[in-house]
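In case you want the letters, here they are:
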Amino acid sequence: MDQMRQFMLTPLTPLSNPGLALKKDERCYYESPAALHSVTMNTHYEGGYTGASFRVARGVWLRTGAGRGVPVTEPGMATDQGRVYLTNQRFVFVGPLKSTEIPFAKIAATEPFDDGMRIDIINKSPIAIASGSPVLYFTFSRLQSGLLDAVPESQWPQDLAAP
């Protein structure tokens, strides 16, 4: 708890070499190893073919009947290990399987976890990021709110406010 209080009282400073290509007027404030968990929908077709085949000539067959397939969709979970970056404009995950960039304007909602956060994206499936620390969520909240300087205690989340 004392570590989070210190974090909230310290101004955010940009990283000097974040390892991320930045856009114009963009600065990176957070970089960490992380795991990205995303929901996937796997679709395959089940069904078969009914009908008969007739030989018309040597090597030539005529098929009659119909094929019918029914799409079957099953939810799944994909996990990728990589690095997470937070800038003053966007959230970025870079991994060997998938890289994801989410501008702050496309984020509908967030939920903190003890070791990361969930991000609900407009018109897309939500993702979860595990970084091993709640600092990811608090840094994101400060960047999204524009709170780069020390945060007054009156603006802290309730679980960090003094009793």
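Whatever comes next refers back to the structure up there.
Please read these numbers as outputs of a predicted model, since none were measured by experiment.

**Digging into the packing of aromatic side chains**
The description of an aromatic ring pair rests on the distance of the ring centres and on the angle between the ring planes. Taken as a whole and judged by the stated rule, the model has 2 aromatic pairs. Plain terms: the ring middles of Phe 104 and Phe 140 are 5.3 Å apart, the flat faces sit at 90° to each other, and that makes the pair edge-to-face. One end of the pair, Phe 104, is in the loop between β4 (99-103) and β5 (107-113); the other, Phe 140, is in helix α2 (residues 135-145), with 36 residues separating them in the sequence. Neither residue differs from the other here; Phe 104 and Phe 140 are each classed as buried.

**Considering the pairing of strand β7 (residues 127-130)**
It is a general feature of regular strands that their side chains alternate between the two faces of the sheet. One ladder, built from 4 bridges, connects strand β1 (residues 28-57) with β7; its direction is antiparallel. Paired with Leu 36 across the bridge in β7 is Ile 129.

**Concerning the environment of Leu 143**
You can see Leu 143 is positioned in helix α2. A C-alpha to C-alpha distance of 8.1 Å links Leu 143 and Gln 89, two positions 54 residues apart in sequence. Residues contacting Leu 143, with those up to four places away along its chain left out, are Leu 12, Tyr 29, Leu 86, Thr 87, Asn 88, Phe 104 and Leu 148.

About the cut-offs
Residues numbered from 1 in each chain as written. Predicted model: local features only at pLDDT ≥ 70, side-chain atom pairs only at ≥ 80, totals over all residues. Heavy atoms only, no water. Phe/Tyr/Trp six-rings, centres within 6.5 Å; stacked < 30°, edge-to-face > 60°. Helix = DSSP H or I, 4+ residues; strand = E, 2+ residues; numbered from the N terminus. Buried < 20%, exposed > 50% of the residue type's maximum accessible area, 1.4 Å probe, protein only. Pairing = 2+ DSSP bridges. Contact = heavy atoms within 4.5 Å.

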